Amino acid sequence: MLQIGRIQELTVVKLVDFGVYLVEDINSEERVLLPKKQVPEGTVKGSKIKVFLYKDSSDRLISTTNTPAFQLNEIALLKVASVGKIGAFLSWGLEKDLFLPFKEQTVKVKAGDEVLVALYLDKSDRLCATMRIYPYLKQNPPYTMGDMVGARIYNINPKYGLFIAVEDRYSGLIQNKDAQGKYRIGDKIMVRIVQIREDGRIDATPKQKAYLQMESDADIIYKRIQELGGTLPFDDHADPQIINDEFGLSKAAFKRAVGNLLKNKKITIGDGSISLK
């Protein structure tokens, strides 16, 4: 059976002026055209050729020897080539750009953006891209607790937290309690593996181990005070929202970091402000 969206090794059954016709089984009546400019030199009847199957601009099944960025139900990071009235079009290694419908976009995209998408078949058996990649992500990753890995945010849910694709392929979540700060869909971040759940999905955090995170937070706060001319106009008793807006930290994390700076005699606190020594 010819499989749209897949690379298959097919057999040449007929040569014509405009290309060759290919079949999966020599006795099958189902055949697909490989255009002349794609036909390898020396091809004869009976030759086997690896091709990718898709639909052309006229919705006819066609094959190509070009290799696309991914196959059906897989995930890839693609660049937006253009945006039209009905959606965006992505570069993916074929002459015909891949369609990303507006309804499959989780955020508005523009030409030049890089988006993480999955390849699916729509109701008309046309290949399309979707940014709703949750069903296509893999489970049971090869990581252990404490590993630091790269991840990309593909969805943000105020109820649960940040949904991430770890290394652009494995399903993961950063829970709300660890999702302090300003994040956007598409952000690439480093995360620490907290656990692999029974369903094979990942719980992760952008925070390092407590003592390392405290030192990192303290460094961020110290540099920010320097940028402000030596004084931060609030202290560790400030409203949690003010702290989060300024540093992307919880109040508890801020207090720990400020305590670290005090201990190392880098700051002083007084009159509702923090100043460098």
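This structure is a prediction, so every number in the text was calculated from the model and none was measured.

Examining the packing of aromatic side chains
At step 1: Summed over all chains, the structure comprises 11 aromatic pairs.
At step 2: Aromatic pair Phe52 and Tyr54: ring centres 6.4 Å apart, planes at 25 degrees, arrangement stacked.
At step 3: With a centroid separation of 5.6 Å and 25 degrees between ring planes, the pair formed by Phe247 and Phe254 is classed as stacked.
At step 4: Take Phe254: its relative accessible area is 0%, and that puts it in the buried class.

Brief notes about the environment of Gly186
At step 1: Relative to the helices and strands, Gly186 resides in the loop between strand 13 (170-175) and strand 14 (188-196).
At step 2: Every residue in contact with Gly186, bar those within four places of it in the chain, is listed here: Arg152 and Ile153.

Quick word on the side chain of Ser171
At step 1: With respect to the helices, strands and loops of the structure, Ser171 is situated in strand 13.
At step 2: Note on Ser171: relative accessible area 2%, which makes it buried.
At step 3: If sequence neighbours within four positions are ignored, Ser171 has contacts with Tyr134, Leu137, Lys138, Gln139, Ile164, Arg201 and Ile202.

Comments concerning the nonpolar core
In a soluble, globular protein the nonpolar side chains are often hidden away together inside.
At step 1: In terms of nonpolar packing, the biggest core is built from 22 residues, with Phe70, Leu78, Leu90, Trp92, Leu98, Val117 and Leu127 touching the most fellow members.
At step 2: Looking at this core, the elements that each hand over two or more residues are strand 4 (48-55), strand 6 (75-83), strand 7 (87-91), strand 8 (98-101), strand 9 (114-121) and strand 10 (127-130).

Section: the pairing of strand 13
At step 1: Among the six residues of strand 13, five are classified as buried, and the element is accordingly described as predominantly covered.
At step 2: Judged from the three bridges that link them, strand 13 and strand 15 (residues 202-205) form a sheet pairing that is parallel. Looking across to strand 15, one finds that Leu173 is bridged to Asp203.

Some remarks on helix 3 (residues 251-263)
At step 1: Helix length check: helix 3, at 13 residues, gives a terminal C-alpha distance of 18 Å against a target of 18 Å (1.5 Å per residue), a fit within 8%.
At step 2: All of the buried residues in helix 3 are Ala253, Phe254, Ala257, Val258, Asn260 and Leu261. In an axial view of helix 3, the angular spread of the buried residues amounts to 155 degrees, which keeps them on one side of the axis.

Things to note about unusual backbone geometry
At step 1: One non-glycine residue, Asp59, lies in positive phi territory at about 65 degrees.
At step 2: Note that Asp59 resides in the loop between strand 4 and strand 5 (61-64).
At step 3: A positive phi angle, close to 60 degrees, is found at Asp125, a residue other than glycine.
At step 4: Within the secondary structure layout, Asp125 lies in the loop between strand 9 and strand 10.

Concerning helix 2 (residues 240-247)
At step 1: Residues Ile243, Asn244 and Phe247 constitute the buried set of helix 2. One side of helix 2 holds all its buried residues, which, seen down the axis, span an arc of 95 degrees.
At step 2: For helix 2, the capping residue at the N-terminal end is Asp239, with a side-chain oxygen 2.8 Å from the backbone nitrogen of Gln241.

Here we look at the sheet that holds strand 16 (residues 231-232)
At step 1: What the three strands build is an open sheet, ordered 16-18-17; its pairing is antiparallel. Every interior strand has two partners, whereas the edge strands, strand 16 and strand 17 (267-270), have only one.
At step 2: Note: strand 16 against strand 18 (residues 273-276), two bridges, orientation antiparallel. Paired with Leu232 across the strands is Ile274, a residue of strand 18.

Structural notes on the environment of Leu249
At step 1: As for its position among the elements, Leu249 is in the loop between helix 2 and helix 3.
At step 2: The exposure class assigned to Leu249 is buried, which follows from its relative accessible area of 9%.
At step 3: The spacing of Leu249 and Lys266 is 17 residues in sequence and 20 Å in space, taken between C-alpha atoms.
At step 4: The contacts of Leu249, once residues within four sequence positions are left out, are Gln180, Asp217, Ile221, Ile243, Asn244 and Phe254.

Criteria and cut-off values
- Residues numbered from 1 in each chain as written.
- Predicted model: local features only at pLDDT ≥ 70, side-chain atom pairs only at ≥ 80, totals over all residues.
- Heavy atoms only, no water.
- Phe/Tyr/Trp six-rings, centres within 6.5 Å; stacked < 30°, edge-to-face > 60°.
- Buried < 20%, exposed > 50% of the residue type's maximum accessible area, 1.4 Å probe, protein only.
- Helix = DSSP H or I, 4+ residues; strand = E, 2+ residues; numbered from the N terminus.
- Contact = heavy atoms within 4.5 Å.
- Core = buried A, V, L, I, M, F, W, Y, C linked by side-chain atoms within 4.5 Å.
- Pairing = 2+ DSSP bridges.
- Expected span 1.5 Å × (residues − 1).
- Arc of directions from axis to C-beta.
- Polar contact = N/O pair within 3.5 Å; in protein donor to acceptor, adjacent residues only side chain to side chain.

Scope: geometric values only; no functional claims are made or implied.
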